[in-house]
Amino acid sequence: MASLWLRALATALFLVSEALAQSINETVWASFAYVLYGERTPLQGQFVPSLTPLGAQQLYSQGSLFRARYLSSSNLSDEDNTITTNSPISGIERQALDNSQIAIFSSTDDFVVGGAMAFLQGLYPPVTQEFAYHNGGDNASILANGTMVNYPLGGYQYPNILTIPPTDPNSVWFEGHLACAEYWSSGNDFKNSATYQETYDATLNFYEQTWADVFPNTLANSMLNFDYAYDLYDYAQYAYDHDAAVRNALNVNRLAILRNFADNQQFDLNGNLSASGSQEGDMIRAISGRMLAAKVVSQLSAHIASGGSANKMTLMFGSYEPFLAFFALSDISNTAPTGMFRRIPNPGAAMVFEVFTTDDDASYPTQDNAWVRFLYRNGTDADSPMTEYPLFGRGNSEARMRWSDFETEMARFSIQDVSTWCDMCSSVTLFCSSLSHSSDTLPAASDSGNGSDPNASLSPAVAGVIGAVTALAVIGFAAVTAFVFGGLRIRRKDLSEEARRRSSLGGFKGAEKMASDHDVSIARTGARHERVGSWELGGPGPAVTEPAPAASPRSNLGSTFGASIVHDRHDDGDSIMNVSPVSPTERV
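Overview of the structure. These figures come from a predicted structure and were not determined experimentally.

Brief notes about the overall build of the protein chain
Phase 1: The number of helices and strands found in the protein chain is 17 helices and 10 strands.
Phase 2: Across the 588 residues of the protein chain, 46% fall into the buried class.
Phase 3: Long-range contacts, defined as pairs at least 24 residues apart, comprise 71% of the intrachain contacts of the protein chain with a sequence gap of at least 6.
Phase 4: Working note: accessible area of the protein chain is about 28900 Å², and carbon and sulfur atoms make up 54% of it.

In structure tokens form, the structure reads like this:
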């Protein structure tokens, strides 16, 4: 109880001090935020990872708080006042969304994109009779006969969210770890260390006993160990939040232990700056933070260079790895007293960088009188304030720094271009392969800002190489997969067998099939495009025991330690290899 009281007191003192500081004619000009997705279904188990209603509410709540801070020109509600202060961004549209002022980036995971949409619904909720000036203003909504037309769904607003897949070179700015081979190799090195072996042995019995008590027969026994510390915590946390029986059996103490193991594992994998990859001192495990830092500076620099017209707000939505990496790189993980910056962020967490001035000059500032501050909100609970913290080992009195100092500090560890990332990561991505065969360069951090084509820096020669290599790789991979896993074989046509099949309609009814029958099974929701037990599938196959999944992020990276598995919902378990195609119906 005392700790809660002290926490509330500290929060109140901070907000009072921040309000006093901001009362000195302070103007916010731009904001960059990296936001974690909300609650989703677990990576392991029977569900496909998807954003839950609670996760959507978390991101909606975070977006609403950003609206209260940056878009409100009036006093905040009592509830919002306990979490943040009012710091409206100069010149930004308050009611109607203007996509030319905001840059929004997201990974392609549906729970990340869905969370981004929920966030924007909170930031710019539906509104009628309000239209952004640069989108045509009131004239765009009024017809020639004087009728005013609002957007559907009560004035729903449509944000331009740029989703970037891992095959796009611009994905490295917020998923710098994902396709980095040296990052995963370093993780495996950690697995082979003496420290890891000690932790593995010390925690093995706890994992096995906990799953036997609370989650019997749910996950493979080979997964019940420290290798899967994050996945096991992720599974347990979801069940704890959604199943009353699990909540009672697991209890808060065992959940806290699972959380602690996952925190320690993931900070070692993403925040250990002493670990190196192919280059000594490259801080390879923090690669995602190094890339994100470059993007932060480039977006804010573009805002300053535009005189305040572009990138008034940049929003990036992704996973937790860049959080931990940046916390370590900026030294906040060592200087913050609570240890919060060495733990996996809570769902919906946001870290924010603001450019502001402390005078009352209405004109846009120069770099000489621009200041930067860092804020962090760990989750979306009502008792989680958006708090200002000092970076780079500075004291509390130096939490706010001049733009030139901020730029210099970030340059010490940020990576400015994709080409350097490719070399440092020993990446085998197609865009890195194209770089090795071309003199052209891949995008720098400043090449994919708001209002520009994220692939604009690719020349026609590079684009042609990428296209050709992609086509050859896809065809080759499909052929090898078909031969190795699908049972595809090249053999001489059996004319007698073909004649036998032509003599009968065959199909799922055999000799009783009518010409009007189709080789599909009909479900209550309509026709399913699959044939069960018919000769087209060669009859029902033997039962196949699914092996325990290897740990890898969204792609097959081998038995990589500490990685999480996301099952592809588009995978088709049915196989039609090694059989002849369906003969067309030749008569009515």
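Past the structure itself, the notes keep going.
Digging into the packing of aromatic side chains
Here the distance between the centres and the angle between the planes together describe a pair of aromatic rings.
Phase 1: A complete count under the given rule lists 34 aromatic pairs for this structure.
Phase 2: Considering the side-chain rings of Phe-66 and Phe-119, the 5.1 Å spacing of their centres and the 70° angle between planes classify their relative orientation as edge-to-face. With Phe-66 in helix H2 (residues 53–70) and Phe-119 in helix H4 (residues 110–123), this residue pair connects regions lying 53 residues apart in the sequence. Per residue, the accessibility class of Phe-66 equals that of Phe-119, and both read buried.
Phase 3: Taking 5.8 Å as the distance between ring centres and 85° as the angle between the ring planes, the aromatic pair formed by Phe-206 and Phe-261 counts as edge-to-face. One end of the pair, Phe-206, is in helix H7 (residues 194–214); the other, Phe-261, is in helix H9 (residues 244–271), and 55 residues separate them in sequence.

So, the pattern of salt bridges
Phase 1: Inspection of the entire model under this criterion finds 11 salt bridges.
Phase 2: When salt bridges that share partners are traced, they join Glu-26, Arg-69, Glu-354, Arg-373, Glu-388 and Arg-400 into one network.

Some details on the nonpolar core
Phase 1: Counting 109 residues, the largest nonpolar core has Phe-66, Leu-315, Phe-317, Phe-374, Tyr-376 and Phe-406 as the members making the most contacts within it.
Phase 2: Apart from residues lying up to four places away in sequence, Phe-406 is in contact with Val-296, Val-297, Leu-300, Phe-353, Val-372, Phe-392 and Met-401.
Phase 3: Listed in part, the 17 residues of the second largest apolar core include Trp-173, Ile-287, Met-291 and Val-418.

Section: the environment of Val-172
Phase 1: Turning to its location among the elements, Val-172 is positioned in the loop between strand S3 (161–163) and helix H6 (181–191).
Phase 2: The class of Val-172 is buried, set by a relative accessible area of 1%.
Phase 3: The spacing of Val-172 and Val-418 is 246 residues in sequence and 7.4 Å in space, taken between C-alpha atoms.
Phase 4: Those residues in contact with Val-172 that lie beyond four places of it in its chain are Met-291, Val-418, Trp-421 and Phe-431.

Observations regarding the pairing of strand S2 (residues 102–106)
Phase 1: Counting buried positions along S2 yields 5 of 5 residues, so the element is predominantly enclosed.
Phase 2: Of the two faces of S2, the one lined by Ile-102, Ile-104 and Ser-106 and the one lined by Ala-103 and Phe-105 are each fully buried.
Phase 3: Bridging between S2 and S3 involves 3 bridges; their strand directions are parallel. Bridge pairing in S3 places Ile-104 opposite Ile-161.

Calculation rules
- Residues numbered from 1 in each chain as written.
- Predicted model: local features only at pLDDT ≥ 70, side-chain atom pairs only at ≥ 80, totals over all residues.
- Heavy atoms only, no water.
- Helix = DSSP H or I, 4+ residues; strand = E, 2+ residues; numbered from the N terminus.
- Buried < 20%, exposed > 50% of the residue type's maximum accessible area, 1.4 Å probe, protein only.
- Contact = heavy atoms within 4.5 Å.
- Areas by Shrake-Rupley, 256 points an atom, 1.4 Å probe, with all protein chains shown as cover.
- Phe/Tyr/Trp six-rings, centres within 6.5 Å; stacked < 30°, edge-to-face > 60°.
- Salt bridge = Lys/Arg side-chain N within 4 Å of Asp/Glu carboxyl O.
- Core = buried A, V, L, I, M, F, W, Y, C linked by side-chain atoms within 4.5 Å.
- Pairing = 2+ DSSP bridges.

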